[in-house]
Structures are given as C-alpha cells and as structure tokens.
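Fold and geometry: a report
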Amino acid sequence: EAGVAQSPRYKIIEKRQSVAFWCNPISGHATLYWYQQILGQGPKLLIQFQNNGVVDDSQLPKDRFSAERLKGVDSTLKIQPAKLEDSAVYLCASTGTGGAFFGQGTRLTVV
Amino acid sequence: EDQVTQSPEALRLQEGESSSLNCSYTVSGLRGLFWYRQDPGKGPEFLFTLYSAGEEKEKERLKATLTKKESFLHITAPKPEDSATYLCAVKVNFNKFYFGSGTKLNVKP
C-alpha cells in the first residue's frame, strides 16, 4: 500500500514570497490533515479535511495560509506572503478509521 | 480543553538501560491513543494504537500501556538505533488528533 506522498521535500524562499505544498493521501482515506512542526515541538494542526470539506481550520493563519482539497483526494497548502516564522516542516497526514499516517514532510526555510 | 503532555522532554540512556516515557492526557471522548517514532528529517512513523485502559502492545524492545489518564512507552534494553523522538497523540471525536511535544531519546553505546 502506497503511503502519503508529499512534495517538494525541501524549499527555501525569501520572506514575502509565496510557496505551495502538495499532498496525496493514502488511497481511500477520507480525512486529510496539514500540520506545522517547528523544530523541537510536536505537530500543530493547521487544517483538517473530511473528503473535500473543511472540518477544522481554527489554527490556520488565514491572512496568509490557504488550503484546498477540491476533489476530495490530493491537497495543496499555500503560504502567501511567507514570514520568517513560517520556517518549519509541513506534514501531511491521512486517516481512515485508525491512526494517522504521515508523509515525509516539506522542510520550508524562509530567509 | 483537550491536552496531551509528554515527559521527559529529553532522555539520555546507556545502551541496555531500560526506562519509560510518559504521556498524560486530558481529553473528552478518547477514540484511541497512538505512539509514533520520528527520526530527524522524516515524518512520524506509526508504532502502536491503544484503545482502552489496561491494554498493552509490544514490538521488539518497546511496550506501550494505557490507563485512564496516561500511557507509558517502556523501552527494554535499548540500542543506539532506538534513538529518535517519540510522539504521543490522542484521537477524539471527528477524527481529531492532538499531539504531545515529544520525548527525544538518545541511547549511547
């Protein structure tokens, strides 16, 4: 069974630029999550989708972050404009009825 | 408010020195407790799922246990390759997960 796919693995951008991340969850998983993980901390939920609907985006900084999952399968997370404090690993995860399975993450560095 | 706390933040062990990691939680509507291992530069890797108090799961040198308020990850005779960050997460209603901040384990040869 294929795991959660994310791209790119690494990205370096200047502050105020925009960036987008892509995630393809495990086939059949209706729930998809985007997490932000800052070095030394646990993952922090940004947004949760159930199929193509948003379940929870209460911690998403909506003035600069956006996410979509138009067809209920793959998803994109965008940051525009980026700030220095957005430097982190962005993890995508999906779940069926059990635990959450994670992709390898995208390490974003904002300089 | 749903909360997950892990301790200690960091743990240094000698190879063969057994110990335990703690995950305490305050949540309503627990649907499962999960342990993950995370290596540097990688996403969390699923280890165990526990659903009810008294449940135990084992895998090689790791054993996870669950009570009504906390979970322990016991590491027996650890090896250097067990060095990683161990994350605990709880699942509540609507498929929501809450993560602790992790325990960074370093096993010295």
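The rules we used
Residues numbered from 1 in each chain as written. Chains lettered and ligands numbered in written order. Predicted model: local features only at pLDDT ≥ 70, side-chain atom pairs only at ≥ 80, totals over all residues. Heavy atoms only, no water. Disulfide = S-S within 2.5 Å. Helix = DSSP H or I, 4+ residues; strand = E, 2+ residues; numbered from the N terminus. Buried < 20%, exposed > 50% of the residue type's maximum accessible area, 1.4 Å probe, protein only. Pairing = 2+ DSSP bridges. Phe/Tyr/Trp six-rings, centres within 6.5 Å; stacked < 30°, edge-to-face > 60°. Axes fitted to C-alpha atoms, helices over the stretch in contact; angles between N-to-C directions.

**Things to note about the state of the cysteines**
Overall, the coordinates contain 2 disulfides over all chains when judged by the stated rule. Bridging C23 of chain A to C92 of chain A, the disulfide has an S-S length of 1.9 Å. Disulfide C23 of chain A to C92 of chain A: torsion about the S-S bond roughly -65 degrees, handedness left-handed. Of the two residues, C23 of chain A is situated in strand β3 (residues 19-24) and C92 of chain A in strand β9 (residues 88-95); the sequence distance between them amounts to 69 residues. Each of the two residues, C23 of chain A as well as C92 of chain A, counts as buried. Note that C23 of chain B is cross-linked by a disulfide to C88 of chain B, the S-S spacing being 1.9 Å. Across the disulfide from C23 of chain B to C88 of chain B, rotation about the S-S bond amounts to roughly -55 degrees, and the bridge is consequently left-handed. You can see C23 of chain B sitting in strand β3 (residues 19-26) and its partner C88 of chain B sitting in strand β9 (residues 84-92), a full 65 residues away along the chain. Owing to a relative accessible area of 0%, C23 of chain B belongs among the buried residues under this scheme.

**Looking at the pairing of strand β8 (residues 75-79) of chain A**
Residue and element names in this part refer to chain A. Side chains S75, L77 and I79 of β8 all project onto a buried face; the interleaved residues T76 and K78 project onto a face where none is buried. Pairing of β3 with β8 involves 5 bridges; the strand directions are antiparallel. The residue of β8 that forms the bridge with F21 is L77. Where strand β7 (residues 65-68) and β8 come together, 4 bridges link them in antiparallel fashion. Paired with A67 across the two strands is L77, which belongs to β8. Here β7 folds back onto β8, and the loop between the two strands holds 6 residues, one of which, G72, carries a positive phi near 75 degrees.

**A look at unusual backbone geometry**
Between S7 of chain A and the following residue, P8 of chain A, the backbone shows a cis peptide bond with an omega angle of -10 degrees. Structurally, the position occupied by P8 of chain A is in the loop between β1 (5-7) and β2 (10-13). Cis peptide bonds are those with omega within 30 degrees of zero, and the linkage from Q80 of chain A to P81 of chain A qualifies with -5 degrees. Structurally, P81 of chain A can be placed in the loop between β8 and β9. One non-glycine residue, E60 of chain B, lies in positive phi territory at about 55 degrees. Its place among the elements puts E60 of chain B in the loop between β6 (56-59) and β7 (62-66).

**As for the packing of aromatic side chains**
Scanning the model with the defined rule gives 13 aromatic pairs over all chains in all. With a centroid separation of 5.7 Å and 45 degrees between ring planes, the pair formed by Y35 of chain A and F102 of chain A is classed as tilted. Remark: F102 of chain A occurs in strand β10 (residues 101-102) and Y35 of chain A occurs in strand β4 (residues 31-37); sequence separation between them is 67 residues. Ring-pair connections join several aromatic residues into one group, and the members of that group are Y33, Y35, F101 and F102 of chain A together with F34, Y36, F46, F97 and F99 of chain B.

**Considering the sheet that holds β3 of chain B**
All names here are of chain B. In spatial order, the strands read β1-β3-β8-β7-β6; together these 5 strands make up an open sheet with antiparallel pairing. Each edge of the open sheet carries a strand with a single partner, namely β1 (3-7) and β6. Averaged over all pairs of adjacent strands, the angle between strand axes in this sheet comes to 15 degrees, irrespective of strand direction. Pairing between β6 and β7: 4 bridges, direction antiparallel. Considered in β7, the bridge of K59 is made with L62.

Shape is all these values report; function is a separate question.
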